[in-house]
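Overview (structure and organization)
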Amino acid sequence: MAAVLEGLEAEETAAAAEDAARSVVEAVDSSPGAPFLLVGNQLNLDLHPGGCHRLQYLCSQQPPQLLLVEFLRLSTHEDPQLLGDTLAQVPWSLLPLRSLVLKGGQSRGALGACLHGTLTTLPVGLSDLACLAHLDLSFNRLEMLPACVLELRSLDALLLSHNHLSELPEALGALHTLTFLTVTHNRLERLPTTLGSLSSLQRLDLSENLLDAIPSEVGDLSNLSELNLASNRLCYLPASLAGLRSLRLLVLHSNLLTSVPAGLAHLPLITRLDLRDNQLRDLPAELLDAPFVRLQGNPLGEASPVPPSPPDVAQIPEMPRLFLTSDLDSFLVTPHGCSVTLACGVRLQFPAGATTTPITIHYRRWLPEPGLVSLGPHDFLLSGVLELQPHGVAFQQDVSLWLLFVPPRVRRCREVVVRTRGDNSWNDLETHLEEEAPKRLWARCQVPHFSWFLVVLRPVSNACLLPPEGALLCSSGHPGVKVTFPAGATEEPRQVSMQVVHMAGVELRALLEESEAAVSPLLCLSQSGPPSFLQPVTVQLPLPPGVTGFSLDRSHLHLLYRTPLTATWDDITTQVALELTHLYARFQVTHFSWYWLWYTTKNCVGGLARKAWERLRLHRVNLIALQRRRDPEQVLLQCLPRNKVDATLGRLLDRYRGPEPSETVEMFEGEKFFAAFERGIDVDADRPDCVDGRICFVFYSHLRNAKEVYITTALDREAQAVRGQVSFYRGSLPTEVPQEAEAARQRKGMDALWMATLPIKLPRLRGPQGNGRGTDFSLMPLNLGDAETGFLTQSNLLSVASRLGPDWPAVGLHLGMPYRELQRIRHEFRDDLDGQIRHMLFSWAERQTGRPGAVGHLVKALEQSDRQDVAEEVCAILELGRHKYQDSIRRTGLAPGDSDLPGTSASQTPESAQA
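Here goes a summary of the coordinates provided. (Residues numbered from 1 in each chain as written. Predicted model: local features only at pLDDT ≥ 70, side-chain atom pairs only at ≥ 80, totals over all residues. Heavy atoms only, no water.)

What the chain contains, in helices and strands, is 15 helices and 50 strands. Pairs at least 24 residues apart make up 59% of the contacts formed inside the chain by residues separated by at least 6 positions. Summing over all exposed atoms, the chain offers an accessible surface of approximately 43600 Å²; the carbon and sulfur share of this is 52%. (Helix = DSSP H or I, 4+ residues; strand = E, 2+ residues; numbered from the N terminus. Contact = heavy atoms within 4.5 Å. Areas by Shrake-Rupley, 256 points an atom, 1.4 Å probe, with all protein chains shown as cover.)

Let's shift gears to helix H9 (residues 794-804). Looking only at H9, the buried set comprises Asn796, Leu797, Val800, Ala801 and Leu804. Taken end-on, H9 shows its buried residues confined to a sector of 140°, consistent with a single buried face. What points out from H9, more than 90 degrees from its buried face, is the exposed set Ser795 and Ser802. Looking one or two residues past H9, Gly805 carries a phi angle of roughly 65°, positive in sign. (Buried < 20%, exposed > 50% of the residue type's maximum accessible area, 1.4 Å probe, protein only. Arc of directions from axis to C-beta.)

Right, let's get into the pattern of salt bridges. Applying the stated criterion to the full structure yields 17 salt bridges. For Arg272, the salt bridge is made with Asp274, and the minimal N-O distance between the two is 3.3 Å. Judged by relative accessible area, which is 23%, Arg272 ranks as partly exposed. Put simply, Asp869 and Arg803 hold a salt bridge, and the shortest N to O gap is 3.5 Å. Placement of Asp869 in helix H14 (residues 868-891) and of Arg803 in helix H9 is noted, with a sequence separation of 66 residues between them. (Salt bridge = Lys/Arg side-chain N within 4 Å of Asp/Glu carboxyl O.)

Our next topic: the sheet that holds strand S44 (residues 690-691). If you trace the 5 strands from one edge of the open sheet to the other, you get S44-S45-S42-S47-S48, paired in antiparallel fashion. Looking along the sheet, the strands with just one partner apiece sit at the ends: S44 and strand S48 (754-762). Relative to S48, strand S47 (residues 722-730) runs antiparallel, the two being bridged by 8 bridges. Pairing of Tyr729 across the sheet is with Trp754, part of S48. (Pairing = 2+ DSSP bridges.)

On the surface, a cluster of positive charge is made up of Lys644, Arg651, Arg704 and Arg820. Structurally, Arg820 is set in helix H11 (residues 819-828). (Patch = residues over 30% accessible without salt bridge, like charges linked within 9 Å, V, L, I, M, F, W, Y side chains within 5 Å. Lys, Arg positive; Asp, Glu negative; His and termini not counted. Charge placed at Lys NZ, Arg CZ, Asp CG, Glu CD.)

Remark: the centre distance and the inter-plane angle together describe each pair of aromatic rings, the angle taken between the planes. In total, this model carries 14 aromatic pairs according to the counting rule given. Ring centres 4.9 Å apart and planes at 55° place the aromatic pair Phe533 and Phe592 in the tilted group. Remark: Phe592 occurs in the loop between strand S36 (584-591) and strand S37 (594-599) and Phe533 occurs in strand S32 (residues 532-542); sequence separation between them is 59 residues. Taken individually, Phe533 and Phe592 each receive the classification buried, so the pair is uniform in this respect. Aromatic pair Tyr561 and Tyr595: ring centres 5.3 Å apart, planes at 45°, arrangement tilted. Linking Tyr561 in strand S33 (residues 557-563) with Tyr595 in strand S37, this pair joins segments that are 34 residues apart in sequence. You'll find Tyr561 and Tyr595 in the same group, each marked buried. (Phe/Tyr/Trp six-rings, centres within 6.5 Å; stacked < 30°, edge-to-face > 60°.)

Turning our attention to the pairing of strand S42 (residues 672-678). Within S42, 6 of the 7 residues are buried, which leaves it mostly tucked inside the rest of the structure. Examined bridge by bridge, S42 and strand S45 (residues 694-698) share 5 bridges and lie antiparallel to one another. Looking at the pairing, Phe673 lines up with Phe697 of S45.

Packed helix pairs are specified by the crossing angle of their axes together with the interaxial distance, meaning the distance between the axes. Contact geometry for H9 and helix H12 (residues 833-847): axes closest at 9 Å, N-to-C directions at 140°. With respect to H12, the element H9 is oriented oblique. The element H9 and its partner H12 pack so that their crossing is right-handed. Together, Gln794, Leu797, Leu798, Val800, Ala801 and Leu804 of H9 and Ile837, Arg838, Met840, Leu841, Phe842 and Ala845 of H12 make up the contact between the two elements. When grouped by side-chain class, the residues that make up the contact of H9 with H12 number 10 nonpolar, 1 polar and 1 charged. (Axes fitted to C-alpha atoms, helices over the stretch in contact; angles between N-to-C directions. Parallel < 35°, antiparallel > 145°, perpendicular 65-115°, else oblique. Left-handed = near helix turned anticlockwise from the far one by under 90°. Nonpolar A, V, L, I, M, F, W, Y, C, P; charged D, E, K, R; others polar.)

Going through the model one piece at a time under the given rule, you end up with 0 disulfides. Cys464 supplies the cysteine sulfur nearest to Cys474, a cysteine that is in no disulfide, at a spacing of 9.4 Å. (Disulfide = S-S within 2.5 Å.)

Before going further, it helps to examine helix H7 (residues 645-652). Within H7, the full set of buried residues consists of Val645, Thr648, Leu649 and Leu652. Relative to the axis of H7, the buried residues are bounded by an arc of 100° and lie together on one face. Residues of H7 that are exposed and point more than 90 degrees away from the buried face comprise Asp646, Ala647 and Gly650. Structurally, H7 contributes buried residues whose contacts are with strand S38 (620-628), strand S39 (634-641), strand S40 (656-657) and strand S41 (664-668).

It is worth spelling out the sheet that holds S32 at this point. Each strand in a sheet pairs with another by means of backbone hydrogen bonds, the pair being arranged parallel or else antiparallel. An order of S27-S28-S32-S36-S35 is seen for the 5 strands of this open sheet, with the pairing classed as antiparallel. At either end of the open sheet lies a strand with only one pairing partner, and these are strand S27 (471-474) and strand S35 (579-580). Bridge count between S32 and S36: 7 bridges; the pairing is antiparallel. By the bridge assignment for S36, Pro542 is matched with Tyr584.

Another aspect to go through is the packing of helix H5 (residues 505-512) against helix H6 (residues 606-617). At a minimum axis separation of 11 Å, H5 and H6 run at an interaxial angle of 135°. Overall, the two elements H5 and H6 adopt an arrangement that is oblique. Helix-helix and strand crossings are classified by hand; for H5 and H6 the assignment is right-handed. On H6, the residues that touch Glu507, Leu508, Leu511 and Leu512 of H5 are Leu608, Lys611, Ala612 and Arg615.

Let us look at the pairing of strand S29 (residues 494-501). Within S29, 6 of the 8 residues are buried, which leaves it mostly tucked inside the rest of the structure. In this structure, S29 lies alongside strand S31 (residues 522-527), joined through 6 bridges in antiparallel fashion. Within S31, the position partnered with Met498 by the bridge is Leu525.

Turning to the side chain of Ser475, a few remarks are in order. With respect to the helices and strands, the residue Ser475 is situated in the loop between S27 and strand S28 (482-485). Within polar-contact distance, the side chain of Ser475 engages the backbone nitrogen of His478 at 3.2 Å. When near neighbours in sequence (up to four residues on either side) are disregarded, Ser475 contacts Asn462, Val481, Met498 and Val500. (Polar contact = N/O pair within 3.5 Å; in protein donor to acceptor, adjacent residues only side chain to side chain.)

Moving on: unusual backbone geometry. Note that the residue after Gln389, namely Pro390, is joined by a cis bond; omega there is 5°. Along the chain, the position of Pro390 falls in the loop between strand S19 (385-389) and strand S20 (399-405). If you check the backbone angles, His185 has positive phi at about 55° while not being a glycine. Take His185: it is sitting in the loop between strand S7 (180-182) and strand S8 (203-205). Even without being a glycine, Asp866 presents a positive backbone phi close to 60°.

Right, dumping it as structure tokens:
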């Protein structure tokens, strides 16, 4: 223990650890928080820090509950020595253990990336866990498979994703009971031949590695039903794969395959063969016509056979095209170049010769954070942040980059640019827009280096290279704004640029409380080189609206200059010679910064200019907080531009409770805020963005900032209702949280840390199952379908849900449900697969009530998710319903042409027929 806390004496360290762990055990035994640690035969120690200390103390005390534990979860974000000492005690205290999860990735870095655990090996004693059937070592730092794993002869599932494994040992073939093996996102370059000895293996995932070949022994896996080899470097496949008679799913996309064995077309159970984004030019006819084959991104039939070239002439291979799914984060670029499409809305094109050696490109999408995003005073963010690695890589030719974004509503005098970071500064690239759809645009640019990239809407910028002979720089967005550089203004050529920002007159007059106030466009001038010019530069600005040179009272006109160092506004009207025309004002300067013409009766406009500047540079957004009607323990926090609040509330109120709380909190874009639930209400501590019971996130008005916040309480919800409030803060959290709304209103202010407090009410839950976590599944009556095509009842939908299994996220995406909502469902029912499936399916079904074509949409989604078996079941139910409907109307004489049948009457109504 002394190694864990250096600088403390051994006895003090042990005593401190014992006290900390004792409090945990007391919490496990008696406190309302017990379900978070020990529930039945499950011990979860990965939700809170200090799990190793807690487990060590539990093992030393040996409480009766510990003897029943079969499932153990322990975070590996601990000191390596402490983690090793703790795991060494597991075989002595938890011999009946069946599932062991030693997974990293729960913690996130400053920018939101999952952090790997510290686990590099396992103690030898873990081989004594004779009952262990499930072992998860994902998101760690394993470079070789620990020897004790190969001794676990009862192992059924082994998860090794996101480690640093370069090979698997030959002894892996001794795990004869293994049915599931995943080694994705590693560095595997070869596979052991004994892999074919795993006769019980049913699912094998080796995607995202560096494999260029697989052994022919893989064809001996007679029970294998799923094989994923996507995103490797495979150039060929062994013919033995045709012997996998149980194979249903074979994923081979994003490789370098030029052909595949013809025997794959004759696999009896195959339902999907994914060959996208390879270099296939020819395929057997059986595969070309098969409905289960995916072939997009291959040059099939694009070119006729090339005649043999002379021996001294090298052939240039076809440029490969890759389409990478969202779970991939790297791809290989060779000297032949390639075209890459990422699922996150990014395209890259590497021309032939861009690199002289093969190089692996890594990419990642970051959430926007203030430390990562560079926004000017009047910039809007239009996209997330894309990172391409390795940073600063030098290509022989420029790489083309396309970033997808949703165009903003207001683009008057503004332009879209791609911004990148290089040499510790952010720069804007020359950007061209390509329209894909009315609401989808591509921002295209040439990338000089690899770094971070984002799409920004900025005021129109005009620039020119100023030579010693002089130049004229005009604004393309605001006619009449121009800068004249005389000859001799500079000795060396320098780059100069201008931006012009317009402020609404109505907003300014409301701010100044002066009906006649007006301002010109705000002019920003910048340049490279020395801070001043050798000759005065003439600047022309249009006069404020409503003011002309003939009716102008010069005592009311002020020229303001913003001092760069002190960030203050100075009135320099008396220091320059203002030349006025009917429409314009001209003056001469030698330094570049911000310039602004004001027309006002105020004597001192410096402070007023600062107010107007703050108002102009901040984009107002609002936060709404609503409770979900079906589950009051879910609160929706969503950030919106101010003009979209009413429409959004109207759309959400059918699913969320209003008007309490339905007030809006006015906030500013691009700042970090905290939400803290008070008075008996707390935030689910398992959220990755939860800090000390508070939710922390950044608001941007042009991004979707929806968050489902799950709240919990230690009170007895079945006995009484819970009343509380949620408060919002900007910046650092205050030491004390306001308890009453009246006191909170008194503290309200623009610059205060506290923003507002909204009420939250959690009604009393009825019934023993009313915990809001999925066991009490109350639903509205379904009306899915119509009389002619047949209805799907709740019972039918439950039958469909029982058969989906782990394929439910794919079905949900094909049904059109947002990925964010699926992630929320996964988080809410994280230990209940059935609850995840039912919640997804019935949430979708409730929205489709009364809509035509909903059932057909469900069938199509099942087929697109490769669940043809469930789709056929639904079709059978609908066919039976159609027959019943047709028989009923035939019996009642309502069918066309049946009016003359005996026993029917023309006066018969549908209501009487139904009776």
